[in-house]
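# Per-entry structural report
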2 protein chains.
Amino acid sequence: MLRRLAVVGVGLLGGSVAKVARGHGLAREIVGVGRDERRLRPALDDGTLDRVTTDLAAGVRDADLIVLAVPVLAIETLLPAVWRAAADDAVLTDVGSAKRAIVEAAQRLAAGRAVAFVGSHPMAGSERSGFEVARPDLFKGATVIVTPGETSPPAAVKMVTTFWEGAGAGRVVLLDADTHDRAVAAISHVPHLVAYALMDGVARFQPAALDVAARGFRDTTRIAASESTMWEEIFLANRDALRAGLRDFERALADLVRLVEAGDPVALRAALDRIKAHREGLA
Amino acid sequence: MLRRLAVVGVGLLGGSVAKVARGHGLAREIVGVGRDERRLRPALDDGTLDRVTTDLAAGVRDADLIVLAVPVLAIETLLPAVWRAAADDAVLTDVGSAKRAIVEAAQRLAAGRAVAFVGSHPMAGSERSGFEVARPDLFKGATVIVTPGETSPPAAVKMVTTFWEGAGAGRVVLLDADTHDRAVAAISHVPHLVAYALMDGVARFQPAALDVAARGFRDTTRIAASESTMWEEIFLANRDALRAGLRDFERALADLVRLVEAGDPVALRAALDRIKAHREGLA
């Protein structure tokens, strides 16, 4: 059990971290840090947090574990201040969806002062956001990717892993930051950009067709209702891996279009059968 | 109430048509036509059908309403034989996902003999197929597009519309075949091809990433587990409208990629906000 957990950014992810830590007794005291005291009140009022503050340094000081749960570009921006304020034996983690820039920033800071940083990325979320949709079971059964850097002490990796397991994660997968960024570009960031484009292509060029949209379209574009601020930051933060993932997608699409244009039912069906088998193979 | 309903092709859609007709008392006798007598047996055994036959002409003769529920390319192929066998006062409809070629074929046949044909496309389905997944509530609340041609008698349009309403459709929308084909390309055929490409791009070029795929990826690629035979036919049957829909999608995607590459957070967020609003506007 942690003596003190500090959660910076009490929205969907940070709020869910605090709720599960409270519910599962993972920390004795839970401190919430945010920019707007009024927006922190509901988490204080419902007993999720013991204390709230808008003073970042005061909030993270003396915490055993600091979880940065602000939008991905803000994590990099806040890191130097958190680094300065953290206790010598504190462990820092985050929940950002793109990792290379954050891990590199932590490594540069670690050259000045040895603070234990280990990146995390819980593969859980919602197209909705904010503390009002936070829930203690958000991480239940989820995969959490933990991305140790060269300067991450093994004991800190262990602590962060144990924390996510305690929060209900189905499994914790260790990946280096670059591998993480390419993997999440492929299975999350490219699909989000494509879902936005699917929605936008119809809205702009065939708006009347939306009137007959059925479940297939709703499912495929559900994530196009995600929070714009969050996804604008993710796309920009993971631009390089996103570009590479888009190339893979566009190559696969061009191959399928070629089969359709060739009008060869046997070859087209073989390709769809192969893809269907991959989709059915998803655990 | 119909005296006799003939369903040609007793799979997911045809089986569901027969089940709801039975359950809602839409027809006194329901005849199922298929190529393989053994595969028709379950629908006879469970009381969905009164009679089954592999003889198309015998099966549709004397039916008031004939529903062609075979794969989309087979509808066009079977149409001349159904046309010859149908009673003078029979009404023919189908459930095909692409309409121009079918409606044109019906119009050519109508020049020889006046049989009432009115195309239908119930916007309901599943990534699974076959009579074993057919259910009487498949059309409940669904949109059904009905595509009258120049030679469709108004009384037949009314009868087909009434039939779908009786089957539980939430609403029946009348569209001409070309408008239908463009609309379903936009909201169904392009999303399916894109979902296949998303799945394939990761499976071929980033297979390890599938290990961390979460709900967003599953939802976006769910329809890539659809039946290959069906979708191979739909893509080929609706190739022209699919090509046009893909151009719209690719234009929307290129615009988003340009905003990401420009690194302009304000413009990118404005675009995502606009798209999110469209997605939230889907009924």
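Residues numbered from 1 in each chain as written. Chains lettered and ligands numbered in written order. Predicted model: local features only at pLDDT ≥ 70, side-chain atom pairs only at ≥ 80, totals over all residues.

### Quick word on unusual backbone geometry
To be explicit about the condition: Under the scheme used here, helices are H or I runs from DSSP no shorter than 4 residues and strands are E runs no shorter than 2 residues, and both carry numbers assigned from the N terminus.
Phi is positive for Asp 62 of chain A, close to 75°, though the residue is something other than glycine. Inspection of the secondary structure assignment puts Asp 62 of chain A in the loop between helix H3 (56-60) and strand S4 (65-68).

### Quick look at the relation of the copies chain A and chain B
The condition that has to hold: When the copies are superposed, the least-squares fit takes in the C-alpha atoms of residues with a pLDDT of at least 70 in both.
For the pair chain A and chain B, the relating rotation is 180°, the translation along its axis is 0.0 Å, and the fit reaches an RMSD of 0.0 Å. Taken together, the rotation and translation relating the two chain copies correspond to the operation of a two-fold axis. Closest approach to the rotation axis among the C-alpha atoms of chain A is made by Thr 220 of chain A, whose C-alpha sits 2.1 Å away.

### With respect to the interface of chain A and chain B
The extent of an interface is frequently quoted as the accessible surface area lost upon association of the parts. Spelled out, the test is: A pair of residues counts as a contact when their C-beta atoms, built from backbone coordinates, are separated by no more than 7 Å. Here the term charged refers only to Asp, Glu, Lys and Arg, the term nonpolar to Ala, Val, Leu, Ile, Met, Phe, Trp, Tyr, Cys and Pro, and the term polar to all other amino acids, Gly among them.
Contact with chain A, which involves 71 residues of that partner, is made by 71 residues of chain B. For the side of chain A that touches chain B, the element with the most residues is helix H7 (residues 177-205) of chain A, which contributes 20 residues. Partitioning the side of chain A that touches chain B into residue classes produces 44 nonpolar, twelve polar and 15 charged.

### What about the environment of Val 146 of chain B?
Looking at where Val 146 of chain B falls in the secondary structure, it is placed in strand S8 (residues 143-147). Considering only alpha carbons, one finds Val 146 of chain B and Val 172 of chain B, 26 residues apart in sequence, at a separation of 6.7 Å.

### Description of the domain arrangement of chain A
Residue and element names in this part refer to chain A. Operational definition: For the domain bounds, the source is a domain assignment made automatically or taken from a database.
Along its sequence, chain A is organised into domain 1 (2-174) and domain 2 (180-280). Measuring from the centre of the C-alpha atoms in domain 1 to the corresponding centre in domain 2 gives 31 Å. Every contact between the two is made by 13 residues of domain 1 and, on the other side, 15 residues of domain 2. Only helix H4 (72-85), helix H5 (100-112) and strand S8 (143-147) provide two or more residues apiece to the side of domain 1 that touches domain 2. Here the residues of the side of domain 1 that touches domain 2 sort into six nonpolar, four polar and three charged.

### A look at the pairing of strand S1 (residues 2-8) of chain A
All names here are of chain A. Counted only if it meets this: Labels follow a simple rule on C-beta atoms placed from the backbone: if 20 or more others lie within 10 Å of a residue's own, it is buried; if 12 or fewer, it is exposed; otherwise it is partly exposed. We call two strands paired when DSSP finds no fewer than two bridges between them. A crossover counts as right-handed when, viewed with the strands pointing away from the observer, the path leading from the first strand over the helix to the second turns clockwise.
Of all seven residues in S1, five are buried; the element is thus mostly enclosed. The pairing of S1 with strand S2 (residues 27-33) spans six bridges and is parallel. Pairing of Leu 5 across the sheet is with Ile 30, part of S2. Note that the unit made of S1, helix H1 (residues 12-23) and S2 has a crossover that is right-handed. With four bridges joining them, S1 and S4 adopt parallel strand pairing. By the bridge assignment, Ala 6 is partnered in S4 with Ile 66.

### Some thoughts on the environment of Val 266 of chain A
All names here are of chain A. Structurally, Val 266 is set in helix H11 (residues 265-280). Judged by local crowding, Val 266 falls into the exposed class, with 9 C-beta atoms found within 10 Å. Along the sequence, Val 266 and Val 82 sit 184 residues apart, while their C-alpha atoms lie 59 Å from each other.

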